[in-house]
Amino acid sequence: MRVLVAEDDVRLADILEQSLSEAGWQVRVEHDGRRAFDAALTAGVSRAGAAVGFDVLLLDWGLPSMDGLTVCGRLRSLGVLTPILMLTARGATPDKIVGLDAGADDYLAKPFDLDELLARLRALHRRIRPEIADNQLLQVGDLMLDPEERRVSRAGTQIELSVREFDILRLLMERAGKVVSRYTILDEVWDGETDLRSNVIDVHVGSLRAKIDRPFGTTTIKTLRGAGYRVEKSTTDGAPDAGAP
Ligand code: CA
């Protein structure tokens, strides 16, 4: 997940960069409207390839050299469809309407809650990859996960998972090859519920392993102490990468 952050307040930009990185995003920061426009334009052109470019733009309204509203409007007029979350100190409704009219997909007034920002970025990101996220069969080695049917099998053997186990596995398989932080799992699978026992993820990952790995003598989910969990992208049998088209 790649996000372009266009924010001229350097301190806020730093906080955003750090928070988004911790939440698993690849972040590029620009402090200037024109530079952000150029970066986003490149992203928009290559979006069809889906391998490069940004998944979401986080665009401050007040930017030097080209304001966020202009950046947004110009990108849209050039056919760049990358989802845009506008950020502004102006919380007034007319401004919100102007921002959405310019082609922004969502709008958040400063000061904002970081968790809310992260949730909204994820929602925007999900919106542009619905087919991949919602329907595409995920495969890692002989482990298959069908998001639509909510079925999991290994080497043709159906595996019964609980809702949480399934959601964790799906998240890890969607991001195969990448470390998924405990924060991200809590956020995506438990929707940010905070009154959870601290070992809730370990318990579910443990029961997940007991179902998808132990009976088959495999090790699909790696624990990276202090960082999170990772499902390796493919196994030695040469199976296609999970999530590959
Ligand atoms: Ca600003």
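Residues numbered from 1 in each chain as written. Predicted model: local features only at pLDDT ≥ 70, side-chain atom pairs only at ≥ 80, totals over all residues. Heavy atoms only, no water.

Chemist: If you had to explain the packing of helix H7 (residues 163-174) against helix H8 (residues 182-189) to someone new, which residues and values would you point to?
Modeler: It is the contact of H7 with H8, at a shortest axis distance of 10 Å, that shows an interaxial angle of 125°. Considered as vectors, H7 and H8 are oriented oblique to each other. Like other packed secondary-structure pairs, H7 and H8 cross with a definite hand, here right-handed. Contacts between H7 and H8 involve Arg-164, Asp-167, Ile-168 and Leu-171 from the former and Thr-184, Ile-185, Glu-188 and Val-189 from the latter. (Axes fitted to C-alpha atoms, helices over the stretch in contact; angles between N-to-C directions. Helix = DSSP H or I, 4+ residues; strand = E, 2+ residues; numbered from the N terminus. Parallel < 35°, antiparallel > 145°, perpendicular 65-115°, else oblique. Left-handed = near helix turned anticlockwise from the far one by under 90°. Contact = heavy atoms within 4.5 Å.)

Chemist: Please set out the coordination of the calcium ion residue by residue, giving values where relevant.
Modeler: The protein atoms that coordinate the calcium ion are Asp-8 (OD), Asp-60 (OD) and Gly-62 (O), at distances spanning 2.1 to 2.4 Å. All donor residues of the calcium ion come from one chain, and their arrangement in sequence is D-x51-D-x1-G. On the criterion of sequence distance, the pair formed by Asp-8 in the loop between strand S1 (2-6) and helix H1 (10-22) and Asp-60 in strand S3 (residues 56-60) is long-range, its members being 52 residues apart. Judged by relative accessible area, which is 4%, Asp-60 ranks as buried. (Donors = N, O, S within 2.8 Å, 3.2 Å for Na, K, Ca; no water. Buried < 20%, exposed > 50% of the residue type's maximum accessible area, 1.4 Å probe, protein only.)

Chemist: Mind laying out the sheet that holds strand S2 (residues 26-30), listing which residues take part and the relevant values?
Modeler: Reading across from one edge, S2-S1-S3-S4-S5 is the order of the 5 strands in this open sheet, with parallel pairing throughout. The open sheet has two free edges, formed respectively by S2 and strand S5 (106-109), since each of these has just one partner strand. Going from strand to strand, the sheet's axes swing by 20° on average, the running direction of each strand aside. Of the pairings in the sheet, the one linking S1 to S3 comprises 4 bridges and is parallel in character. Looking across to S3, one finds that Ala-6 is bridged to Leu-59. (Pairing = 2+ DSSP bridges.)

Chemist: Mind laying out the side chain of His-125, listing which residues take part and the relevant values?
Modeler: Positionally, His-125 belongs in helix H5 (residues 114-128). In this structure, His-125 is in contact with Met-1, Trp-25, Asp-55 and Val-56, ignoring residues within four places of it in sequence.

Chemist: Quick one: what's the story with the nonpolar core, residue by residue and with numbers?
Modeler: Val-152, Leu-161, Ile-168, Leu-169, Ile-185, Ile-212 and Ile-221 are the most contacted members of the largest nonpolar core, which totals 26 residues. Elements supplying a minimum of two residues to this core: strand S6 (138-140), strand S7 (143-146), H7, H8, helix H9 (200-212) and strand S11 (228-231). Top contributing element to this core by residue count: H7, with 6 residues. Core analysis: the second largest hydrophobic core is formed by 21 residues, Ala-36, Met-66, Cys-72 and Tyr-107 among them. (Core = buried A, V, L, I, M, F, W, Y, C linked by side-chain atoms within 4.5 Å.)

Chemist: Before we move on, can you summarise empty space enclosed by the protein with the specific residues and values?
Modeler: Per the counting criterion, the structure on display carries 1 cavity of 30 Å³ or more. As a volume, the largest cavity reaches approximately 50 Å³. Lining the largest cavity, in full, are Met-1, Ala-23, Trp-25, Arg-122, Arg-175, Tyr-183, Thr-184, Asp-187 and Glu-188. Looking at side-chain class alone, the lining of the largest cavity contains 4 nonpolar, 1 polar and 4 charged residues. Here the lining of the largest cavity spans two domains, since at least three of its residues come from each of domain 1 (2-133) and domain 2 (138-237). (1 Å grid on protein atoms, 1.4 Å probe; cavity = no way out; pocket = protein on both sides within 12 Å on 5 of 7 lines; lining within 4 Å. Points joined across faces, edges and corners; volume = space filled by probe spheres on them. Nonpolar A, V, L, I, M, F, W, Y, C, P; charged D, E, K, R; others polar. Domains from an automatic or database assignment.)

Chemist: Before we move on, can you summarise a negative patch on the surface with the specific residues and values?
Modeler: Taken together, the side chains of Asp-8, Asp-9, Asp-14 and Glu-17 define an acidic patch exposed on the protein surface. In this fold, Asp-14 is placed in helix H1. (Patch = residues over 30% accessible without salt bridge, like charges linked within 9 Å, V, L, I, M, F, W, Y side chains within 5 Å. Areas by Shrake-Rupley, 256 points an atom, 1.4 Å probe, with all protein chains shown as cover. Salt bridge = Lys/Arg side-chain N within 4 Å of Asp/Glu carboxyl O. Lys, Arg positive; Asp, Glu negative; His and termini not counted. Charge placed at Lys NZ, Arg CZ, Asp CG, Glu CD.)

Chemist: Tell me about the sheet that holds S7, and please be specific about residues and values.
Modeler: Two pairing modes exist for strands in a sheet, parallel and antiparallel, and in both the strands are linked by backbone hydrogen bonds. If you trace the 4 strands from one edge of the open sheet to the other, you get S6-S7-S8-S9, paired in antiparallel fashion. Edge strands, defined here as strands with exactly one partner in the open sheet, are S6 and strand S9 (157-159). Each neighbouring strand pair of the sheet contributes to a mean axis angle of 25°, computed without reference to strand direction. As paired strands, S6 and S7 are joined by 3 bridges and run antiparallel to one another. Opposite Val-140, over in S7, you have Leu-143 as the bridge partner. Against the sheet, H7 contacts S6, S7 and strand S8 (151-154), and its axis sits at roughly 110° relative to S7.

Chemist: An account of the pairing of S7 is needed here, citing residue identities and associated values.
Modeler: Where S6 folds back onto S7 in an antiparallel hairpin, the turn is made up of 2 residues, including Gly-141, whose phi is positive at roughly 60°. Bridge count between S7 and S8: 4 bridges; the pairing is antiparallel. Bridge assignment links Leu-145 to a residue of S8, and that residue is Val-152. Count of turn residues in the S7/S8 antiparallel hairpin: 4 residues, of which Arg-150 carries a positive phi of about 55°.

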